[in-house]
Amino acid sequence: MSDAPQHDPQPDPSLIGGVPKPPLALLPDPVALFQGRARRFAFLADSNELAPYLRFLAELSRLQARLAATLPAVAPVPAEVMARAVQGGMPPIDRKALAEDGPLPDTLQALLDGALALEMPDAARGALEAVLAADARDRRWLLGNVLADDIPADSAAPHLFAAAAAQVHLARIAAGLDALALVPVAVGVCPACGGRPCTSSVVGRGDIENLRYASCAGCATQWNEVRVKCLCCGSNKGLSYRSVGTDEATVKAETCRECGAWVKIFYQVKNPSLDPVADDVGSLGLDILMRDAGVRRGGFSPFLVGY
Ligand SMILES: [Zn+2]
Ligand SMILES: [Zn+2]
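Keep in mind the model is a prediction, meaning the values are calculated, not measured.

### Overview of empty space enclosed by the protein
Item 1. Per the stated rule, a full pass over the model turns up 2 cavities of 30 Å³ or more.
Item 2. Among the elements that make up the lining of the largest cavity, the one with the highest residue count is helix α8 (residues 156-175) (4 residues).
Item 3. Counted by class, the lining of the largest cavity contains 7 nonpolar, 2 polar and 2 charged residues.
Item 4. Of the voids in this model, the second largest cavity is the one considered here, and its volume is about 30 Å³.

And the structure:
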């Protein structure tokens, strides 16, 4: 055996020009995720005109955390499915298959049963009762729309419960993935489940400070995107940033002239408490400003459909 030092001819893939390459994906920790979101919704409710709705979403998030902790374990994505996805540049979680088959309706039933005990606005209560009375086919229809990120504005309230159940289920599957095996799918597309982003955040966490991560509205995986890029069409030209307050605002609308869409960008680097989903609802004033500007909301949230 030679004593000569071993030289690896391959550069370390985690280093590019001596700078550590940021992780593509940050997978969710479902129980902590929904607990933290519940706290944030409750905090935002104290100083927001949407207080009753935000308090309800805080309770709903707490219920999601409880379900994430107590429901039977979800089946992991099989290794051969993962390998095929990586090879084809596709997300390993097949949303279409989840809508057609599997245990998602059981998660929805558990969520509906748990939601009966929550305080909620009358419109949400009526929708809850309607979904509880709905048959299996109608529930599959709700779940199918949610998993397609396509919720009809005229039936947002019943879809809200289906979306909350799908979030729990998707986050639990995503939590079991190998983050390092995921590959980029496309700009603005979740590499874990193929879903659309709710918002994106410039994060303040030490090792990835000042980098931007988009947050999946479904499975809550966060994935790396460059700082200035339209998450709807991928253009990096003609982007502008608007906010309700001053330039120092921690929530801005990244607006694209190429496709006429906008997505919220949160500056967690300035306010680490910002939650990709809760603060999206909490900053509805920005949506109203942008609606008046005649541009299309590109971020997807089942909690803001119809607003
Ligand atoms: Zn996802
Ligand atoms: Zn665009």
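### A word on the nonpolar core
Item 1. Formed by 73 residues in total, the largest nonpolar core has its most connected members in F41, F56, L57, L60, F161, V281 and F303.
Item 2. Here the element with the most residues in this core is α8; it accounts for 13 residues.
Item 3. The contacts of L57, once residues within four sequence positions are left out, are F41, L160, V281 and F303.
Item 4. Counting 7 residues, the second largest nonpolar core, distinct from the first, contains W262, F266, L274 and L286.

### Structural notes on the coordination of the zinc ion (ligand 2)
Item 1. Within the protein, the atoms that donate to the zinc ion (ligand 2) are C230 (SG), C233 (SG), C256 (SG) and C259 (SG), at distances of 2.3 Å.
Item 2. For the zinc ion (ligand 2), the 4 donor atoms in the first shell make angles of 106 to 115° at the metal, so the coordination geometry reads as tetrahedral.
Item 3. Sequence spacing among the residues donating to the zinc ion (ligand 2) works out to C-x2-C-x22-C-x2-C.
Item 4. Classification of C233 by relative accessible area gives partly exposed; the value is 41%.

### Some details on the coordination of the zinc ion (ligand 1)
When four donors bind a metal tetrahedrally, each ideal donor-metal-donor angle is 109.5 degrees, and when six bind octahedrally, the ideal angles are 90 or 180 degrees.
Item 1. For the zinc ion (ligand 1), every protein donor is listed as C190 (SG), C193 (SG), C216 (SG) and C219 (SG), and the spread of their distances is 2.3 to 2.4 Å.
Item 2. One can describe the site at the zinc ion (ligand 1) as tetrahedral: its 4 donor atoms subtend angles covering 98 to 116° at the metal.
Item 3. Sequence spacing among the residues donating to the zinc ion (ligand 1) works out to C-x2-C-x22-C-x2-C.
Item 4. Judged by relative accessible area, C219 falls into the buried class, the value being 0%.

### Details of the pattern of salt bridges
Item 1. Inspection of the entire model under this criterion finds 11 salt bridges.
Item 2. A salt bridge links D275 to R37, with the shortest nitrogen-to-oxygen separation between them at 3.1 Å. In this pair, D275 sits in the loop between β9 (261-267) and α9 (278-282) while R37 sits in helix α1 (residues 30-45), placing the two residues 238 residues apart along the sequence.
Item 3. Overall, the relative accessible area of 10% leaves D275 in the buried class.
Item 4. Given a relative accessible area of 5%, R37 falls into the buried group.
Item 5. The closest approach of N and O atoms between D280 and K264, which form a salt bridge, is 2.8 Å. Of the two residues, D280 sits in helix α9 while K264 sits in strand β9, which places them 16 residues apart along the sequence.
Item 6. Classification of D280 by relative accessible area gives buried; the value is 0%.
Item 7. Members of the salt-bridge network, linked through shared partners, are K264, D280, D287 and R297.

### Brief notes about the packing of aromatic side chains
Each aromatic ring pair is characterised by the separation of its centres together with the angle its planes make.
Item 1. All told, the structure shown has 4 aromatic pairs when counted by the stated rule.
Item 2. Taken together, a centroid distance of 6.4 Å and an interplanar angle of 70° make the contact between F41 and F303 edge-to-face. With F41 in helix α1 and F303 in the segment after β10 (296-297), this pair connects stretches of sequence that are 262 residues apart. One exposure class covers both F41 and F303, and it is buried.
Item 3. Between F56 and F161, the aromatic rings sit 6.1 Å apart at their centres with planes inclined by 55°, giving tilted as the arrangement. Here F56, found in helix α2 (residues 51-70), pairs with F161, found in helix α8; they are 105 residues apart in sequence, far enough to count as distant. As far as the burial class goes, F56 and F161 line up, both buried.
Item 4. Grouped by ring-pair contacts, the aromatic residues Y53, F56, F161 and Y307 constitute a single cluster.

So, how was this worked out
- Residues numbered from 1 in each chain as written.
- Chains lettered and ligands numbered in written order.
- Predicted model: local features only at pLDDT ≥ 70, side-chain atom pairs only at ≥ 80, totals over all residues.
- Heavy atoms only, no water.
- 1 Å grid on protein atoms, 1.4 Å probe; cavity = no way out; pocket = protein on both sides within 12 Å on 5 of 7 lines; lining within 4 Å.
- Points joined across faces, edges and corners; volume = space filled by probe spheres on them.
- Helix = DSSP H or I, 4+ residues; strand = E, 2+ residues; numbered from the N terminus.
- Nonpolar A, V, L, I, M, F, W, Y, C, P; charged D, E, K, R; others polar.
- Core = buried A, V, L, I, M, F, W, Y, C linked by side-chain atoms within 4.5 Å.
- Buried < 20%, exposed > 50% of the residue type's maximum accessible area, 1.4 Å probe, protein only.
- Contact = heavy atoms within 4.5 Å.
- Donors = N, O, S within 2.8 Å, 3.2 Å for Na, K, Ca; no water.
- Tetrahedral: all angles 85-135°; square planar, octahedral: opposite > 155°, others 65-115°.
- Salt bridge = Lys/Arg side-chain N within 4 Å of Asp/Glu carboxyl O.
- Phe/Tyr/Trp six-rings, centres within 6.5 Å; stacked < 30°, edge-to-face > 60°.

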